[in-house]
Number of protein chains: 4
Amino acid sequence: MESKHSDDVIGRARVQDTPELEAYYKELETLGAGALWTVANDIEPWEPRTSSVPMLWKYDDLRELVLKSSDLVTPEKAGRRVVYLVNDKRKDVSAAVGWLYTGIQVTRPGESTSAHRHKASALRFIMEGEGGYTVVDGNKVTFEVNDFVITPNSAWHEHGVAENGKTCVWQDGLDIPLVNALEANDYAVYDGKQPLIAPTNFLPLSYAGAGLLPSGHNWDKPYSPLFKYAWKDVYPALLETAKVTEDSPFDGVLMHYSNPLTGGHVMQTMGASMQLLRAGFKGKPHKHTGSFVYQCAKGSGYSIIGGHRFDWAARDIFCVPSWTTHEHHNASESEDACLFSFNDLPVIEKLGLYQESIND
Amino acid sequence: MESKHSDDVIGRARVQDTPELEAYYKELETLGAGALWTVANDIEPWEPRTSSVPMLWKYDDLRELVLKSSDLVTPEKAGRRVVYLVNDKRKDVSAAVGWLYTGIQVTRPGESTSAHRHKASALRFIMEGEGGYTVVDGNKVTFEVNDFVITPNSAWHEHGVAENGKTCVWQDGLDIPLVNALEANDYAVYDGKQPLIAPTNFLPLSYAGAGLLPSGHNWDKPYSPLFKYAWKDVYPALLETAKVTEDSPFDGVLMHYSNPLTGGHVMQTMGASMQLLRAGFKGKPHKHTGSFVYQCAKGSGYSIIGGHRFDWAARDIFCVPSWTTHEHHNASESEDACLFSFNDLPVIEKLGLYQESIND
Amino acid sequence: MESKHSDDVIGRARVQDTPELEAYYKELETLGAGALWTVANDIEPWEPRTSSVPMLWKYDDLRELVLKSSDLVTPEKAGRRVVYLVNDKRKDVSAAVGWLYTGIQVTRPGESTSAHRHKASALRFIMEGEGGYTVVDGNKVTFEVNDFVITPNSAWHEHGVAENGKTCVWQDGLDIPLVNALEANDYAVYDGKQPLIAPTNFLPLSYAGAGLLPSGHNWDKPYSPLFKYAWKDVYPALLETAKVTEDSPFDGVLMHYSNPLTGGHVMQTMGASMQLLRAGFKGKPHKHTGSFVYQCAKGSGYSIIGGHRFDWAARDIFCVPSWTTHEHHNASESEDACLFSFNDLPVIEKLGLYQESIND
Amino acid sequence: MESKHSDDVIGRARVQDTPELEAYYKELETLGAGALWTVANDIEPWEPRTSSVPMLWKYDDLRELVLKSSDLVTPEKAGRRVVYLVNDKRKDVSAAVGWLYTGIQVTRPGESTSAHRHKASALRFIMEGEGGYTVVDGNKVTFEVNDFVITPNSAWHEHGVAENGKTCVWQDGLDIPLVNALEANDYAVYDGKQPLIAPTNFLPLSYAGAGLLPSGHNWDKPYSPLFKYAWKDVYPALLETAKVTEDSPFDGVLMHYSNPLTGGHVMQTMGASMQLLRAGFKGKPHKHTGSFVYQCAKGSGYSIIGGHRFDWAARDIFCVPSWTTHEHHNASESEDACLFSFNDLPVIEKLGLYQESIND
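Residues numbered from 1 in each chain as written. Chains lettered and ligands numbered in written order. Predicted model: local features only at pLDDT ≥ 70, side-chain atom pairs only at ≥ 80, totals over all residues. Heavy atoms only, no water.

(A) Structural view of the arrangement of the chains. Regarding chain B and chain C, the two do not touch, and the least distance separating their C-alpha atoms is 14 Å. You won't find any contact between chain A and chain D; their C-alpha atoms come no closer than 14 Å. (Contact = heavy atoms within 4.5 Å.)

(B) Region of interest: the domain arrangement of chain A. As far as domains go, chain A holds domain 1 (1-46) and domain 2 (55-357). When each unit is reduced to the centre of its C-alpha atoms, the spacing between domain 1 of chain A and domain 2 of chain A is 44 Å. (Domains from an automatic or database assignment.)

(C) Structural detail: the interface of chain D and chain C. The partner chain C presents 88 residues to the 88 residues of chain D that form the contact. Taking both sides of the interface into account, the surface hidden between chain D and chain C amounts to around 7,500 Å²; carbon and sulfur atoms contribute 60%. It is D:E183, D:Y187 and D:L351 that lose the most area in chain D upon contact with chain C, and together they represent 10% of the buried surface on that side. Counting across the chain D and chain C interface gives two salt bridges. Taken together, the links from chain D to chain C amount to 37 residue pairs in polar contact (both at pLDDT 80 or more). Per-element tally for the side of chain D that touches chain C: the top contributor is helix α3 (residues 59-72) of chain D, with seven residues. Here strand β3 (residues 82-85) of chain C pairs with strand β1 (residues 33-35) of chain D via three bridges, running antiparallel. The partner of C:Y84 across the bridge, within β1(D), is D:G34. (Buried area = accessible area lost by both parts, 1.4 Å probe. Salt bridge = Lys/Arg side-chain N within 4 Å of Asp/Glu carboxyl O. Polar contact = N/O pair within 3.5 Å; in protein donor to acceptor, adjacent residues only side chain to side chain. Helix = DSSP H or I, 4+ residues; strand = E, 2+ residues; numbered from the N terminus. Pairing = 2+ DSSP bridges.)

(D) Seen up close, the relation of the copies chain D and chain C. Mapping chain D onto chain C calls for a screw motion: a turn of 180° about the axis and a shift of 0.0 Å along it, with 0.0 Å RMSD after fitting. These values place the two chain copies in the arrangement generated by a two-fold rotation axis. The C-alpha atom lying nearest the rotation axis in chain D is that of D:K350; the distance is 3.7 Å. Looking at the interface residues of chain D, 100% of them are also at the interface in chain C, so both copies use one shared face. (Least-squares fit on C-alpha atoms with pLDDT ≥ 70 in both.)

(E) Representation of the relation of the copies chain A and chain B in the model. Once chain A has been moved 0.0 Å along the axis and rotated by 180°, it coincides with chain B to within an RMSD of 0.0 Å. Interface overlap between copies: 100% of the residues of chain A at the interface are likewise at the interface in chain B, consistent with a symmetric, same-surface contact.

(F) Region of interest: the packing of helix α1 (residues 19-30) of chain C against α3(D). Interhelical geometry of α1(C) versus α3(D) gives an angle of 165° and a closest axis separation of 12 Å. Between α1(C) and α3(D), the crossing angle belongs to the class labelled roughly antiparallel. When the axes of α1(C) and α3(D) are compared, the crossing they make is left-handed. Counting all contacts with α1(C), which are made through C:E20, C:L21, C:Y24, C:E27 and C:L28, the residues of α3(D) involved are D:L65, D:V66, D:K68, D:S69 and D:L72. (Axes fitted to C-alpha atoms, helices over the stretch in contact; angles between N-to-C directions. Parallel < 35°, antiparallel > 145°, perpendicular 65-115°, else oblique. Left-handed = near helix turned anticlockwise from the far one by under 90°.)

(G) Region of the structure containing the environment of D:E47. Summarising the element assignment, D:E47 is placed in the loop between α2 (40-43) and β2 (55-57). Assessed through its relative accessible area of 41%, D:E47 is described here as partly exposed. D:E47 has contacts with C:N185, C:D186, D:K287 and D:W323, leaving out every residue within four places of it along the chain. (Buried < 20%, exposed > 50% of the residue type's maximum accessible area, 1.4 Å probe, protein only.)

(H) Structural context of the pairing of strand β19 (residues 317-320) of chain D. Residue and element names in this part refer to chain D. Side-chain alternation along β19 places I317 and C319 on one buried face and F318 and V320 on a second face that is also buried. The sheet contact formed by β2 and β19 spans three bridges and is antiparallel. From the neighbouring strand, M55 faces β19, where its bridge partner is C319. Sheet topology note: the strand β16 (residues 292-298)/β19 ladder contains four bridges and is antiparallel. What sits directly across from F292, in β19, is V320.

(I) Molecular detail of the pattern of salt bridges. Summed over all chains, the structure comprises 60 salt bridges over all chains. Ionic pairing is found between C:R81 and C:E111, a salt bridge with its closest N-O pair at 2.4 Å. Of the two residues, C:R81 is situated in the loop between α4 (75-78) and β3 and C:E111 in the loop between β4 (101-107) and β5 (116-118); the sequence distance between them amounts to 30 residues. One network of salt bridges, in which partners are shared, links A:K298, A:E335 and A:D336.

(J) Geometry of the state of the cysteines. All names here are of chain A. Overall, the coordinates contain zero disulfides over all chains when judged by the stated rule. C338 forms no disulfide, and the closest cysteine sulfur to it belongs to C296, at a distance of 7.9 Å. A relative accessible area of 0% places C338 in the buried class. (Disulfide = S-S within 2.5 Å.)

(K) Examining the sheet that holds strand β20 (residues 326-330) of chain C more closely. Residue and element names in this part refer to chain C. Taken together, three strands build an open sheet; the order of strands is β18-β17-β20 and the sheet is antiparallel. Of all the strands in the sheet, just β18 (308-313) and β20 have a single pairing partner and so form its edges. Across the sheet, the axes of successive neighbouring strands diverge by a mean angle of 20°, strand direction being ignored. Across six bridges, strand β17 (residues 300-305) lies against β18 in antiparallel orientation. Each residue of the ladder has a partner; that of Y302, found in β18, is D311.

(L) Examining the sheet that holds strand β11 (residues 212-214) of chain A more closely. Strand order across the open sheet formed by seven strands is β11(A)-β13(C)-β14(C)-β21(C)-β16(C)-β19(C)-β2(C), with antiparallel pairing between neighbours. Two strands in the sheet have a free side with no partner beyond their single neighbour: β11 of chain A together with β2 (55-57) of chain C. Pairwise comparison of adjacent strand axes, ignoring direction, gives a mean angle of 25° for this sheet. When strand β16 (residues 292-298) of chain C meets strand β21 (residues 337-343) of chain C, the two strands line up antiparallel, connected through six bridges. Its bridge partner lying in β21(C), C:Y294 is registered against C:S341. Along the sheet face, helix α7 (residues 231-244) of chain C touches β11 of chain A together with β13 (253-257), β14 (271-277), β16 and β21 of chain C and points at about 140° away from the line of β13(C).

(M) Local environment of the interface of chain A and chain B. At the junction of the two partners, chain A supplies 88 residues and chain B supplies 88 residues. Inspection of the chain A/chain B interface yields two salt bridges. The closest approach of N and O atoms between A:R80 and B:E44, which form a salt bridge, is 2.5 Å. The interface formed by chain A and chain B contains 37 residue pairs in polar contact (both at pLDDT 80 or more). Of the residues forming the side of chain A that touches chain B, the biggest block, seven residues, is contributed by helix α3 (residues 59-72) of chain A. Considered class by class, the residues forming the side of chain A that touches chain B number 46 nonpolar, 22 polar and 20 charged. (Nonpolar A, V, L, I, M, F, W, Y, C, P; charged D, E, K, R; others polar.)

(N) Local environment of the pairing of strand β6 (residues 122-136) of chain A. Residue and element names in this part refer to chain A. Counting buried positions along β6 yields twelve of 15 residues, so the element is predominantly enclosed. Two strands pair when backbone bridges link them, and β6 and strand β8 (residues 148-151) are joined in this way by four bridges, in the antiparallel orientation. Paired with F125 across the strands is F148, a residue of β8. The sheet contact formed by β6 and strand β9 (residues 157-174) spans twelve bridges and is antiparallel. Paired with I126 across the strands is W170, a residue of β9. Where β6 and strand β7 (residues 139-143) come together, five bridges link them in antiparallel fashion.

What follows is the structure, given as structure tokens:
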């Protein structure tokens, strides 16, 4: 009979249980200790192992419920009026995948929240509406559909929609589960609203231009000064790049939102990308470490993730867990499809944990 | 009656449960979703929150059991003959504190293991014995008591003790729980023993010298080339520094093992320090993020951690969880005490999550 | 009588010549040595000291002569058909100011040169024409008036104008005098024309977009991948920034061409900027280290440099030597003026030599 | 007849002078301009070109004269009592080689200077004496023979010898010629002596230890905090490294003084090295960019530089100009020889100008 603690390969734990050993294990347990070989094979897996499952959230299913929240609770009472999306296997940490949280927030015209901040970082991808804005550390930034906006860790932030706007819906992405797991999260509320320290859109306008950087600023923050990456600039840039670029076999034309001062990720813990799948694009399968949440920004298609097919159209949200084989396909032969995604690659890369495999 | 989902402060979720809301929550649940305000106050704590408890492992209690493992199992069968130390609140992830693993390994004269590697990083602090060595990516490094040795992630490594040596005991420190949590660990066994690529102690001797760096190397690894920090050099350096340095009120004379090519931590995910508490040193309390495992290298004293006193002497191991108030005291009025420690500060710092507080 | 070797201030050399000392100096000279105090005050000036004078080159004066060069010599015979601008005090090193070279190059439709490379870096600012292009390390980049293009050190490069284009004139900027002074220049000719390695404008299109960076490239060069900064993007970016930005009292709206991967200068030895002086802008005087060559890209105005007034209009070129007080004025009350400039700030900054003063 | 402005190779200027061209050149000259092809081949050499010649300064010849300076002038009158060594071809800029200055300074017991600072950086290599010290930005550092000490740019500094010491002689190395050429030098005198801000040798003791860095400092200067590299540590480190290292064919065991916080050069503009040539070492010839000044610290030997043999023994100083072929030989078959050197490699490397060749 083979012990449950063995693994029949040289270089792995292969110890048979015996009465003597079992007594030994018990004695160790009383001292807050254990024998490594009883757990080694479990805690040292041959390959990366995820605890998340791939999932898709259809916006058609959720939209009505999201909007209904604005009838049910006020922003004042709810803090933020958000429906969050939770992975079936990560309910204990309120994560959509891995250590990433995502939710859908709704704000009506004329509504605005008080400011707060936390060690967790946040980002937004705009889904619906007009007249929405955010204020981050005194910088007011307006946004439109498919714009990508960041709220870095420990920055005061508040959101709202202009009186003459239309109800705004956006996707929030946060690393709350990660920062909680690292036992480092905190929270503070601002007494009222922040005073503005610059004209509206000062930072996106100053830093967005054509490889130009403004003189005389001394940006010393560990995140992008760009704050907003506007779809009206991003989509043309994707199209221009697509003209001269060969597709990645896995991702089509994949571009990363970047910090123009470093060429790196937009924030310290989360990165984000926009990719264009040309009409008829059929992606090849691969897998890599890192957790990803996608939103379809344009067009429609499907992804095969961990062996399951997920069909998506604009505004649908889905996830790809770490080390899970996935491939993306544009379902249309005439229209391109665009996928926004955010991820924990800054964490994975900085800690030396990135790897990928094209073998399934 | 107050709802379990409320928090009576402006800027926090304060929604009362109603039948209508409860129906709404159930509907959301069927779609893999939830209302953020039902969990917000829990996942966004006011202050960092740890799930570990402070613990002390007395070497007097453990030593006999550790040595006994060498009677009970062979290195071949056990993989590595290690007693690991586990936090009462972190048994699910086999961690000593936070996401850090630690264990005590024993190797007899003439024993050696086959090589393996993993995405988790490892370090060793030598407790007993003579003639011990490690081979890391083809570099053989010998070690003695109180030496600190690194085995960076994905480096092939194997250990042994010379035939004419004495049984060696050392503390292992690894980030296995973290790398598992980040869903990125892997494992591979080397077929046999590694061929040596340089004379014994080539790297420690070449890089250890007095601010000198060898010409002609092209070290491009993201960890220290120093590999070994020998006590015979470290302790005199501590003493020299102590002559000209004022004590930190919390840590006495605290010095970090560093990568001489960057001034940063020795590895990407774990840092390590040695500190000297002068005779009679009485540390002040503070707390900060990051998890720490200590081993007393010399002398004796006590630490008050989270309100509990832990008395330690040479070779005892204890832990300080994240955001847990702690203070260190040298119990002797005549002899200095030295504490080795390792931590996850590279992770905490790179992700922008470090903070400290001198208020309890 | 005061000695030529003295300076009547404490902390400076103040030694009187004596017959004994003069004999001593002669003895030293025979050994390839000297007494420091005989030169100290000269080689250690109280303030930075330039050997260049401010100068202006009117394009109206030069244009005809520049074009005439295309009648007088062929590109094959001349290497490059360039009229270079030389500072009255830097003729020995063929510099326009400090260690910077500049010239005006003319290329006719259908002409193209063979490729070469050198350790000196080069940049171009386009003054006239249509259909011009450069090929840098196999990347073909087309350009139009007021575009800024780089040719980094040791990159193969060649230029030309399409058959159906119009005669192109551009300003060249190089650090030839600096690299010669540092005794590091070299030169090589390419046998023929370079094969293209990517579609035309591949790099400018891939890297120019709205804070997006292309995935999958591994740019490891120490200069900007952007290669071209097109006026059609730069001028709108200036205008957008001007809307939300307060003027620098010295420079109006000053923006630096930057490497989107680092936020730093476009090349290792030369930086470049574009600045907008609003209608009616009257700059204040200041001075700083670093040498600058300007070209007016739009509008007209004047600069007071070292006490002399220089009036400029579009296409005029002028220089500001190191530590020379200067101020810029837009002469128009209705039209903005734009000044392109390039400089040696990367050198000055990396060596820790930058300083400025608003006192004249 | 071939024009002096031509070079008979494709890709080089090969224009024949004609009366028409000569008239054209004159017209250009009146406008502060010239035709590039008349100077192109001269300012764009095929290979790096130095204006320095190799030279050796025998300490036996100089020592008496150096000491005599202390009879001839006081430190108060001379500023600093220094005999400087000047290259036969660089007298115009007071350089020993390239843009590097070197001199020999003498200070008697009980003497000390007032403090000053300058944008030029300085370093010292101690040749004779006891009780010498320097004070750099309030940090007093004592030194002994063969110690290497830095005085970074813009740091206040003063030197002296203790009352009970012995006359000290040291070599100064500065980048005065470079900083003058870059038109950025300045000078200021301190009113009196600096107050000390830390115990003697605080920085060398705190940062020198065995890969340890002190906690709690926030060193933000662009140069090494180590300030002194003591021979009593450097020579043993060289010997230890020599045990495990293969010789460079050109330089034996070559080690760089480094900044322990960056792994880079000790200062922004000058680097320094110590190398050990084993008994009987015979170096191979090579050449590279960068200028070097050597001092023999131990033993004797000879170097062949630019085809000339220079025999050196302890305390002799010699130079190797840029791109000049050189080889080093230990003349002894029983004793090792050590060469200290300093250089402008930080400049050459940061500007992308380093290259080497093993072909002569």
